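Listed below are the residues making up each chain.
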Amino acid sequence: MIFRRISQLISFRSFSIGRPDVATTSSKFANERWSVLVVHPKVRWGSGSASVLKQADRQLEEAVALVNNLPNMIAVDSLIMPVDYNTKRKSIWAAGNLEKLVTRREAARATALMINVDVLSPSQQEKLFRIFEVPIFDRYNIVLSTFKEFAQTDEAQLQIALAEIPYIKHRIHALSSKRLHSRPEILHIEQQYAEVEGDLNEILRKKEQDLRRDLKESTRKSSESIKSKNSSDAVVAVVGYTNSGKTSLVKRLTGASSLTPKNQLFATLDTTRHVAKLPSGRSAVFTDTIGFLSDLPMHLITAFEATLAHVKSADVIIHLRDVSNPDWKAQEEDVVATLKSIGVAENVLTERMITVDNKIDKEGAENIADATTKSIRISCKTGDGMQDLIDRINQKVTIATKCKTIRLRLDVRSPVIEWLYHNEFVVVEPVADGNNLIFDVVMSESEIGRFRKKMSSRSEKRESPDQVKVALRRLPKYMTEKEVLEQISPLPEEVIDTYFLPANLAFDHAAYATLILLFSEYCDSMMDFERRFDGYIFVDSRGNDSTAVVEASVNQNFAKCDRPRIKEDSRVGAILTDTYYLEFCKKLEKEKSIPIMTLEQQIRKLNQPEDIRTQIDHLETPLVKYFLEKETGRRREGEARKQRRDFRKAEKQKNVLDVLMKPTVAASTASTSGGPPRKENKEMTDREREKLEKIEAKKKERNALRKQRFLEDRKKKQQEEREGRGDAAENPKPPREHKKKERPGRAPRPSPAKTLSEQQGEDWIKKLTDPKAAIKKKHDSPPK
Ligand SMILES: Nc1nc2c(ncn2[C@@H]2O[C@H](COP(=O)(O)OP(=O)(O)OP(=O)(O)O)[C@@H](O)[C@H]2O)c(=O)[nH]1
Ligand SMILES: [Mg+2]
C-alpha cells in the first residue's frame, strides 16, 4: 500500500513537472504487508559506519522502531550479526553467518530483510537478494518510505523527490547489467528506469533541475507568508534528534493546539511556526521542524535543506536532547554534525544555541549530568524547568535582536501611549510622575526608529494644512524682536504666532535677523504685508540698515510641540551657583586688584637685585615668573663658576710652589708633611729611622743648594741682559737678513694640526690649480 501511495505521489509530482516518463523508486512491493527481519551488523573491529558511542542493541532498537513506524511493515524478528571491519564489502557476512541468517529468516517467516546500514550498494543488494530471495531494505529505503508516508506539504514532497535522484543515479551502472536489467525492483527502482531509451543521466539531471526550481519557489512563498505576519519577531528554532520532544516543547511554550506530539520517529516532517510572547514583551516565532537521525546518506539531509534553512538564520537555536535515552550523547553528536552539514556556522552553534535536556521525569534521566555544557533540564510532560528555559530564551533573544530597554517619560495625554499598548510594547505597567507616565519598554533598533517616526508624525499631524509660514528676512543684524515688532505693528489679524531668529554675528557682513510670521490661512492681509515690507529698509539701534525681503518660508513644517509648552532647560543659570565657577570669580577679582606692570616696568624690575625685586608689589604672570627664575638661576650659576675659577687659580699657585719645594718621592713619604706617621713607620727600628733621617737631611741640603744655584743663575742672567741691552743701545745690530727673507714659490709649512697626508692633499690641490706651485713630497727634506 505504501509503495502504491509513493508511486501515486511521485507520479503526481512527475506530472506536475511535465515528465510523466520518469517515475521513481520501485512500487513493486507496495501492495503487500511485510514481515521484516531486522539485522544490525555490529562492527567488531574498527569504527565502521555507526557512531562509536552507540550501543549495538540501541541501534537495533532504533531500526526496529523505524520499521514499525511504517503502517505496512512489522518487525517480526531482530538480531545483531557481527561484522569484522566494516559493512562496505560486497558480501557483508561470510557464508557461516549468512547461513545462520537464512535459518533465522525462515524460522521467523520474514518476508523482507532490513539491514541496518545507512545505504547498501547495488552489488550488496543484489547479492543478498539472490541469497534470501526477499526484498532487502536499508535505512535509506525505510526513512524515505517514512517521509513519503507522513509528508503533507508540497515543500516536503518536493524534497523527498529530490532526495531520490542521487540514489537512482548511483544505480544507473548496475541497471545496465544484464542480471538486473530485467529486475530493477531488487534495487528498489521502478521498471521504467531500466526501460528508458536515451540518456537516463540527462533525464535525471533535468528532473532535478525542475524540482529545485519548484522547491525554491515553494520555500520563497512560505518564508514570505511568515515574514508578512511580523518580520521583526525573533526566530527561535527548536532542533534535536527525532522523538526527542521538539513538538511537545513548542506546544508547551506557545500553547499551539494544532500540535500533536506522537511517540513516533519522524512524526514531524514539515516545519511549522508558532508565535509566543516572551517576558520582555517581544514576540518570538518558535519553529518545530524535522528531527535528525544518525547514519543517513548526506543527500537525504541536504534535500531537506530548504526545510532547515530557517535554522541557519535563526536568532536562537534550542537543541533539545532526550536524556532518558542512553544514547543521548551519540544523538547529540549526530545533531551537531547535521547542523554543520546544512551550513550552520560554528559561532552560531556556540553563541546562539541553548542546550536543553528533556524528559528528566523519565527513569534513567535523573543522573545525567553533562559538565561540558550549561544545559537546562526540563520535562515537557511535567513542566519542570520551563521558567528557567523561558528566562534563558528571553535573554538570548534580547541579545540576538540587539534590543534595548528604554525609559519613556510621556505626558498622560500623549497619543503615543495608545500606540505603545497597541503594539504590545508595554509589559510592565507605567509609573506615574506628576502629569507624566514612565514606561520601561524593550525595543529593537528598527522599533526605536518606528517609534521616533511615530512621535514626529504625531507632532506633524497637529498642524493645520491651511497655515502658512511667512519669513521677513534680511533684518539688520542688531535688530531685536521688540524693535521689529514695533516697526511692523499693527500685525494682521490672521497672524497667529511669530518667532524671531536673531542674527548669527559670526557671519559678520552677512549676518541678518529673521522674523517668522504664522498666518492662519492664505489671505489678502498676507499679500498686503508683503507689499508693505518687501524692500522696506529697517534700521537697528546701532544705525545699521538693511532692505528686508518677505517670502514664504522654505520650511513649512512647524515646531514639534507648542512653543509655550517647551520647558525651560533646567541647566539655564546653573553656573551662577556652581562652586568652581564662584571660586574662579573670586580668584579673578583678586588678580584684578593687583596692578598689571607694563613691559618696561617688568624689565626694570628684572634688573633689580632679588631682595628688592621681591619687595615690588606686582602681578606676576607665569611668563614673568619664568624669566625671573631663569635670571636668578643664571646669576647663581655665574657665581658658582667664578668661585670654581678662583679656587683653581689658588690651587695652581700653591702647586707651583710645592713643585719647586718638592723633595723626592721617598723623602716626601718619610716626611709625611706634617700628617700622621704611617703605620709602617711606627714599626721601624731605630737604625732605620736614623738612616731615613740622614737621607732626609741630605735631601734638604741638596734642595737648598739647588735653590741657591737657581737664584744665582737667575741673578746672573738678569745682569747679563741688562748689560746686553746697554750695548745694544750703544751699537744697535743690523736686523737679521735671513729672517726677513721671503721665499717665493715655497709651499707654506703645515700647521701643527695638519697631518702629513692632509698637507699632501693640499699640495696636490694647489698643484692642480697652480702648475707653477712647488709640491711638498713625503720624503722632501725640510727647507734650509
Ligand atoms: N515522559 C516524557 N515524555 C515526553 C516528554 N517530552 C515529550 N515526550 C514524549 O515523547 C514523544 C515524542 O514527542 P514529540 O514532541 O513528538 O517529539 P519530536 O521530537 O517532535 O519527534 P519527531 O517530530 O518525530 O522528530 C511523545 O510521546 C511525547 O509525549 C517529557 O518531558 N517526558
Ligand atoms: Mg515533532
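Owing to the predicted nature of the structure, the values given are computational and were not obtained by experimental measurement.

Q: Give me the sheet that holds strand β3 (residues 112-115): which residues, what numbers.
A: Taken in spatial order, the 4 strands of this open sheet run β2-β1-β3-β4, and their pairing is parallel. With partners counted over all chains shown, the strands left at the sheet margins are β2 (73-83) and β4 (136-137), one partner each. Each of β1 (34-43), β2 and β3 is contacted by helix α3 (residues 95-108), which is oriented at about 160 degrees to β2, the strand it contacts most.

Q: Describe in detail the pattern of salt bridges, supporting the description with residues and values.
A: Enumeration according to the criterion identifies 25 salt bridges in this entry. Among the salt bridges present, the one from Asp-322 reaches Lys-359, with a minimum N-O distance of 3.4 Å. Within this pair, whereas Asp-322 is found in strand β8 (residues 316-322), its partner Lys-359 is found in the loop between β9 (353-358) and β10 (376-377), the two being separated by 37 residues in sequence. Here the salt bridges do not stand alone but share partners, grouping Arg-321, Lys-329, Glu-332 and Asp-357 into one network.

Q: Provide a residue-level description of the coordination of the magnesium ion (ligand 2), including the pertinent values.
A: Here the magnesium ion (ligand 2) is held by Thr-247 (OG1) and Thr-268 (OG1), and the distances to it run 1.9 to 2.1 Å. Of this pair, Thr-247 sits in helix α11 (residues 246-254) while Thr-268 sits in the loop between α11 and β6 (272-277), and the two are 21 residues apart along the sequence. For the pair shown, Thr-247 and Thr-268 are each scored as buried.

Q: I'd like a description of the site of ligand 1, backed by residues and values.
A: With respect to spatial proximity, 23 residues lie near ligand 1, and among them Lys-246, Thr-247, Ser-248, Thr-268 and Asp-361 are the closest. Here Ser-248 contributes a side-chain N or O atom positioned 2.6 Å from an oxygen atom of ligand 1. At a separation of 2.8 Å, a nitrogen atom of ligand 1 approaches a polar side-chain atom of Asp-361. Summarising the interface, the protein chains cover 89% of the accessible area of ligand 1, which totals 650 Å² for the free molecule. The greatest single-element share of the shell around ligand 1, amounting to 3 residues, is contributed by α11. Taken together, the residues of the shell around ligand 1 sort by class into 5 nonpolar, 12 polar and 6 charged.

Q: Please provide a residue-by-residue account of empty space enclosed by the protein, values included.
A: Inspection of every chain in the model, using the stated rule, returns 5 cavities of 30 Å³ or more. In this structure, the largest cavity spans a volume of roughly 110 Å³. Every residue along the wall of the largest cavity is listed here: Phe-147, Ile-290, Gly-291, Phe-292, Leu-293, Leu-296, Leu-300, Ile-301, Phe-304, Leu-308 and Thr-338. Each residue belonging to the lining of the largest cavity can be placed in one class, and the counts come to 9 nonpolar, 2 polar and no charged.

Q: If you had to explain the nonpolar core to someone new, which residues and values would you point to?
A: Val-38, Trp-93, Ile-115, Ile-136, Phe-147, Phe-266 and Leu-339 are the most contacted members of the largest nonpolar core, which has 85 residues in total. The element contributing the most residues to this core is helix α6 (residues 154-169), with 9 residues. Three or more residues apiece are contributed to this core by two domains, here domain 1 (2-212) and domain 2 (230-400). Sequence-distant contacts of Val-38, defined by excluding residues within four places in its chain, comprise Leu-60, Ala-63, Val-64, Val-67, Ala-75, Asp-77, Ser-78, Leu-79 and Met-114. Formed by 24 residues, the second largest nonpolar core is a distinct cluster that contains Ala-234, Val-236, Leu-253 and Ala-256.

Q: Account for the side chain of Ser-283, with residues named and values stated.
A: Here Ser-283 shows up in strand β7 (residues 283-288). Side chain to side chain, Ser-283 and Lys-277 meet in a polar contact 3.0 Å long. Discounting residues that sit within four places of it in the chain, Ser-283 has contacts with Asp-233, Ala-234, Val-275, Ala-276 and Lys-277.

Q: Can you lay out a positive patch on the surface for me, pointing to particular residues and giving the numbers?
A: Judged by side-chain charge, Arg-641, Lys-642, Arg-644, Arg-645, Arg-648 and Lys-649 come together as a positively charged surface patch. Mapping Arg-641 onto the fold places it in helix α24 (residues 622-661). According to the relative accessible area criterion, Arg-641 is partly exposed, its value standing at 44%.

Q: Explain the packing of α11 against helix α16 (residues 386-400) to me, and be specific about the residues and the numbers.
A: Relative orientation of the contacting elements α11 and α16 amounts to 80 degrees, with a least axis distance of 12 Å. The pairing of α11 with α16 is recorded here as roughly perpendicular in orientation. Residues Leu-249, Arg-252 and Leu-253 of α11 lie in contact with α16, whose contacting residues are Met-386, Leu-389, Ile-390 and Ile-393. Residues belonging to the contact of α11 with α16 are distributed by class as follows: 6 nonpolar, no polar and 1 charged.

Definitions and cut-offs
- Residues numbered from 1 in each chain as written.
- Chains lettered and ligands numbered in written order.
- Predicted model: local features only at pLDDT ≥ 70, side-chain atom pairs only at ≥ 80, totals over all residues.
- Heavy atoms only, no water.
- Pairing = 2+ DSSP bridges.
- Helix = DSSP H or I, 4+ residues; strand = E, 2+ residues; numbered from the N terminus.
- Contact = heavy atoms within 4.5 Å.
- Axes fitted to C-alpha atoms, helices over the stretch in contact; angles between N-to-C directions.
- Salt bridge = Lys/Arg side-chain N within 4 Å of Asp/Glu carboxyl O.
- Donors = N, O, S within 2.8 Å, 3.2 Å for Na, K, Ca; no water.
- Buried < 20%, exposed > 50% of the residue type's maximum accessible area, 1.4 Å probe, protein only.
- Near = heavy atom within 4 Å.
- Polar contact = N/O pair within 3.5 Å; in protein donor to acceptor, adjacent residues only side chain to side chain.
- Areas by Shrake-Rupley, 256 points an atom, 1.4 Å probe, with all protein chains shown as cover.
- Nonpolar A, V, L, I, M, F, W, Y, C, P; charged D, E, K, R; others polar.
- 1 Å grid on protein atoms, 1.4 Å probe; cavity = no way out; pocket = protein on both sides within 12 Å on 5 of 7 lines; lining within 4 Å.
- Points joined across faces, edges and corners; volume = space filled by probe spheres on them.
- Core = buried A, V, L, I, M, F, W, Y, C linked by side-chain atoms within 4.5 Å.
- Domains from an automatic or database assignment.
- Patch = residues over 30% accessible without salt bridge, like charges linked within 9 Å, V, L, I, M, F, W, Y side chains within 5 Å.
- Lys, Arg positive; Asp, Glu negative; His and termini not counted.
- Charge placed at Lys NZ, Arg CZ, Asp CG, Glu CD.
- Parallel < 35°, antiparallel > 145°, perpendicular 65-115°, else oblique.

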